[in-house]
Amino acid sequence: QVQLVESGGGSVQAGGSLRLSCAASTVIYSMAWFRQAPGKEREGVAGIAGSDRKTCPEIVKGRFTISRDNAKKTLYLDMNSLKPEDTAMYYCAATGRFLGADLSLQSAAYNYWGQGTQVTVSS
């Protein structure tokens with residue numbers, strides 16, 4: 001069983017920065033960060049493959065950066081220039097199978113999930 005535990009969330013003012021961490025029980029090939037606000041669908045904000053190929057949507061490009069430290073078995077999401085619309089519960093996800101770029105930000109492609117960490121951005 002793979003366990004994922006997120007941390008690093010909190011409350012910040014617009015324009016601030018946060019680093020989210022996801023500690024994994026094992027090294028996993030494909031991982032990603034998703035977020036979900038109340039009343040909205042879950043959306044992928046960053047994905048990373050075993051080859052270190054990274055994927056992100058236009059809404060966060062240039063502000064969010066995904067990275068990993070395999071020695072520490074930890075996934076990171078560095079968020080800069082945060083906006084109130086970034087407020088959401090952020091989830092770490094992983095799967096042991098290979099994912100192409102077309103599936104890297106699709107929640108249905110992942111079978112392991114953390115319980116989330118809340119990010120709140122005030123204006």
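Conventions adopted
- Residues numbered from 1 in each chain as written.
- Predicted model: local features only at pLDDT ≥ 70, side-chain atom pairs only at ≥ 80, totals over all residues.
- Heavy atoms only, no water.
- Pairing = 2+ DSSP bridges.
- Helix = DSSP H or I, 4+ residues; strand = E, 2+ residues; numbered from the N terminus.
- Axes fitted to C-alpha atoms, helices over the stretch in contact; angles between N-to-C directions.
- Disulfide = S-S within 2.5 Å.
- Buried < 20%, exposed > 50% of the residue type's maximum accessible area, 1.4 Å probe, protein only.
- Phe/Tyr/Trp six-rings, centres within 6.5 Å; stacked < 30°, edge-to-face > 60°.
- Lys NZ or Arg CZ within 6 Å of the ring centre and 35° of its normal.

Asker: What is the right way to read the sheet that holds strand β7 (residues 64-69) from this model?
Answerer: Across a sheet, strands are paired by hydrogen bonds formed along the backbone, either parallel or antiparallel in direction. Here four strands make up an open sheet; going across it, the order is β1-β3-β8-β7 and the pairing antiparallel. Unpaired on one side and paired on the other, β1 (4-7) and β7 mark the two borders of the sheet. Adjacent strand axes in the sheet meet at a mean angle of 15 degrees, parallel and antiparallel pairs treated alike. Relative to strand β8 (residues 74-79), β7 runs antiparallel, the two being bridged by six bridges. Bridged to Arg 68 within β8 is Leu 75.

Asker: Can you walk me through the state of the cysteines in this structure?
Answerer: The term disulfide refers to a covalent linkage connecting the sulfur atoms of a pair of cysteines. Here the structure, examined in full by the defined rule, presents one disulfide. Across a sulfur-sulfur distance of 2.1 Å, Cys 22 and Cys 92 are joined as a disulfide pair. On the S-S bond that ties Cys 22 to Cys 92, the torsion sits near -75 degrees, and the link is left-handed. Of this pair, Cys 22 sits in strand β3 (residues 18-24) while Cys 92 sits in strand β9 (residues 88-95), and the two are 70 residues apart along the sequence. Owing to a relative accessible area of 0%, Cys 22 belongs among the buried residues under this scheme.

Asker: Sorry, what's going on with the packing of aromatic side chains here?
Answerer: Scanning all chains against the criterion turns up four aromatic pairs. When the ring of Phe 34 is compared with that of Trp 113, the centres are 5.1 Å apart and the planes differ by 50 degrees; the resulting orientation is tilted. Here the residue Phe 34 occupies a position in strand β4 (residues 30-36), and Trp 113 occupies one in strand β10 (residues 112-113), the gap between them amounting to 79 residues. Ring pairing ties together the aromatic residues Phe 34, Tyr 110 and Trp 113, which thus form one cluster. Over the ring of Tyr 76 we find Arg 19, and its NZ or CZ is 4.2 Å from the ring centre. Sitting over the ring of Trp 113, Arg 42 keeps its end group 4.8 Å from the ring centre.

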